[in-house]
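Summary of structural features
Read off the chains here:
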Amino acid sequence: MAYLLRFLLVVMVLGIALTATVALGWINIDFGHIQLAIPTFMYVIFIQAFVMFYFIGVARLVENVWNALNSEANLSELFDEPPQDLEPYKKKVARYVHESQLCKRQTIPWTMLMLILGTIAFLLGGAHDTGLVTKVVHSGVAYGFIAAMLIGFVRQWVYLGKSHKLLGEMKALFGMSRDAM
């Protein structure tokens, strides 16, 4: 899933880059930047929602494993035969909980910033077309969105890799197939 999300993030950056280069007049294609901005921003909303829910889901899964280990009520979901000493598992899963929360905290604020700045830039683009705001206002917010998107892209890329590795380690710890979950 992390590899798919990384690919979709690259497509997002390419879509925004195409829209911006057309808007700046650096390239000419049959579509104007307005015709490109509408589907591109809908795609940005789509992919950012998926990325955000991926990190939320990974953190929730790890917390559920942590809760099962600590309550010792549902150990049969993790083990065929639960071991007597759960401390090594608890230590590793505690680290996984910390890392998954870190991944979530390092990416979701950038996701939200991208969505907020992108929405404002999108709305100001419509306001510019009707003459309510100047081009400088729309462009300034669009540049802010692009900056937030590039920073967020790098952070999401890095933490998708860390999250993927964390899931692989957790699956190996409990003897689950790499295809599970």
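As a starting point, this report considers the structure included with it.

Definitions and limits used
- Residues numbered from 1 in each chain as written.
- Predicted model: local features only at pLDDT ≥ 70, side-chain atom pairs only at ≥ 80, totals over all residues.
- Heavy atoms only, no water.
- Salt bridge = Lys/Arg side-chain N within 4 Å of Asp/Glu carboxyl O.
- Helix = DSSP H or I, 4+ residues; strand = E, 2+ residues; numbered from the N terminus.
- Buried < 20%, exposed > 50% of the residue type's maximum accessible area, 1.4 Å probe, protein only.
- 1 Å grid on protein atoms, 1.4 Å probe; cavity = no way out; pocket = protein on both sides within 12 Å on 5 of 7 lines; lining within 4 Å.
- Points joined across faces, edges and corners; volume = space filled by probe spheres on them.
- Nonpolar A, V, L, I, M, F, W, Y, C, P; charged D, E, K, R; others polar.

1. What to know about the pattern of salt bridges
- Within the structure shown, the criterion is met by four salt bridges.
- A salt bridge links Arg95 to Glu99, with the nearest nitrogen and oxygen atoms 2.7 Å apart. Of this pair, Arg95 and Glu99 both sit in helix H3 (residues 87–129), four residues apart, roughly one helical turn.
- On the basis of relative accessible area, Glu99 is assigned to the partly exposed category, the value being 24%.
- One salt bridge in this structure joins Arg95 and Glu169, with 3.1 Å as the shortest N-O distance. A residue pair is termed long-range when its members are at least 10 positions apart, and Arg95 in helix H3 and Glu169 in helix H4 (residues 135–173) qualify at 74 residues.
- Here Glu169 falls in the partly exposed class, since its relative accessible area comes to 25%.
- Three or more residues joined by partner-sharing salt bridges are found here, namely Arg95, Glu99 and Glu169.

2. Digging into the layout of surface pockets
- Size it by volume and the largest pocket reaches roughly 610 Å³.
- Along its surface, the largest pocket is lined by 25 residues, and Thr19, Ala23, His33, His138 and Ala142 are the ones closest to its centre.
- Where the lining of the largest pocket is concerned, the elements lending two or more residues are helix H1 (2–24), helix H2 (33–71), H3 and H4.
- A breakdown of the residues in the lining of the largest pocket according to their chemical character gives 14 nonpolar, nine polar and two charged.

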